[in-house]
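Below are the chains, spelled out letter by letter.
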Amino acid sequence: MRKTIIAGNWKMYKTIKEAIELANGLKRELFKLDNQGIDVVLCPAFTALSEVSEVISESDIMLGAQDLYWQDEGAFTGEVSGKMLKDAGCSFVIIGHSERRQFFGETNETVNKKIKAALINALTPILCVGETLKEREAGKTLDVLKDHVQNGLREIGKEDVLKLVIAYEPVWAIGTGKTATPAQAQEAHKYIRDLLVKLYDQEVAAQVRIQYGGSVKPENIIELMQQPDLDGALVGGASLQVESFADIVKKAAEVIK
Ligand code: 13P
């Protein structure tokens, strides 16, 4: 019903040469997976988008960026627009990653503008939401999720919300080796899905894909994917090596629901 989606967020890693090597390796490894009902998305840094796009052009692997600016063009030094990402071959874009919220002043308001800009440019937004350790320990996890989802999706209609992907990424699990337990992840995903029923309706809640992110590895992907409301993963560190990312994709494909 909901197609599994595994995305690799390469963050600020890989030169162009290294990115081409990684994409080539993944293309070789994942070629056999074509038509097995799984979406695979690679999200390199801006500098490597065009080259990676070329490498994966004759495969089912898709391309995503890690951020965008909401204007199509203009005097906005240092920014990259949705129109430019589309031109570089992207079909996805990560929006509101916790690293951008933490280090670059991203807010629900900017996230919301970016989601709208992505949709206008026919890019699938991957909206990242998730609580910090402090928020979890203060019992505020669900409040934070509600704030990120509700305000991130402000004025986004049903037609559009059906096109996007949500990624639940608890900040305390990112790059720490500490994965949320499958039960913790499921609780958050179920909460987000129930929220979609309230904000939209049952159809939206049943169709929108929710990925989990935070120390996903070949060793934990199966039990995470077995949770009913987990529809895939947004992988950081383990997406930087052919072997570990290909392994995650293959294992996720074994758990197609
Ligand atoms: P890690 O898999 O390195 O914990 O990163 C997760 C992440 O931030 C993906 O967007």
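Above: the structure in question.
Residues numbered from 1 in each chain as written. Predicted model: local features only at pLDDT ≥ 70, side-chain atom pairs only at ≥ 80, totals over all residues. Heavy atoms only, no water.

Asker: It is not clear to me how the site of the ligand should be interpreted in this structure. Could you clarify?
Answerer: Contacts to the ligand come from Asn9, Lys11, His97, Glu169, Ala173, Ile174, Gly175, Gly214, Ser215, Leu234, Gly236 and Gly237. Within the backbone of Ser215, a nitrogen or oxygen atom sits 2.7 Å from an oxygen atom of the ligand. Considered on its own, the ligand offers 310 Å² of accessible surface; in the complex 95% of this is hidden by protein. In the shell around the ligand, the residues fall into three nonpolar, seven polar and two charged. (Near = heavy atom within 4 Å. Polar contact = N/O pair within 3.5 Å; in protein donor to acceptor, adjacent residues only side chain to side chain. Areas by Shrake-Rupley, 256 points an atom, 1.4 Å probe, with all protein chains shown as cover. Nonpolar A, V, L, I, M, F, W, Y, C, P; charged D, E, K, R; others polar.)

Asker: I tried to follow the sheet that holds strand S1 (residues 4-9) on my own but got confused; where do I start?
Answerer: Where strands meet in a sheet, backbone hydrogen bonds hold them as pairs that are either parallel or antiparallel. Sheet architecture is closed into a barrel: eight strands sit in the order S1-S2-S3-S4-S5-S6-S7-S8, paired in parallel fashion. For this sheet, the mean angle separating the axes of adjacent strands, direction not counted, is 25°. Note: S1 against strand S8 (residues 232-235), four bridges, orientation parallel. Residue pairing across strands places Ile6 opposite Ala233, the latter belonging to S8. (Pairing = 2+ DSSP bridges. Helix = DSSP H or I, 4+ residues; strand = E, 2+ residues; numbered from the N terminus. Axes fitted to C-alpha atoms, helices over the stretch in contact; angles between N-to-C directions.)

Asker: I would appreciate a short explanation of the packing of helix H5 (residues 108-120) against helix H7 (residues 141-152) in the present structure.
Answerer: Packed helix pairs are characterised by how far apart their axes lie and by the angle those axes make with each other. With their axes 8 Å apart at the nearest point, H5 and H7 run at an angle of 40° to one another. With respect to H7, the axis of H5 lies oblique. The way H5 lies across H7 gives a crossing that is right-handed. Within the contact between the two elements, H5 uses Asn108, Val111, Asn112 and Ile115 and H7 uses Asp147, His148, Asn151 and Gly152. Looking at the contact of H5 with H7 residue by residue, the class counts come to two nonpolar, five polar and one charged. (Parallel < 35°, antiparallel > 145°, perpendicular 65-115°, else oblique. Left-handed = near helix turned anticlockwise from the far one by under 90°. Contact = heavy atoms within 4.5 Å.)

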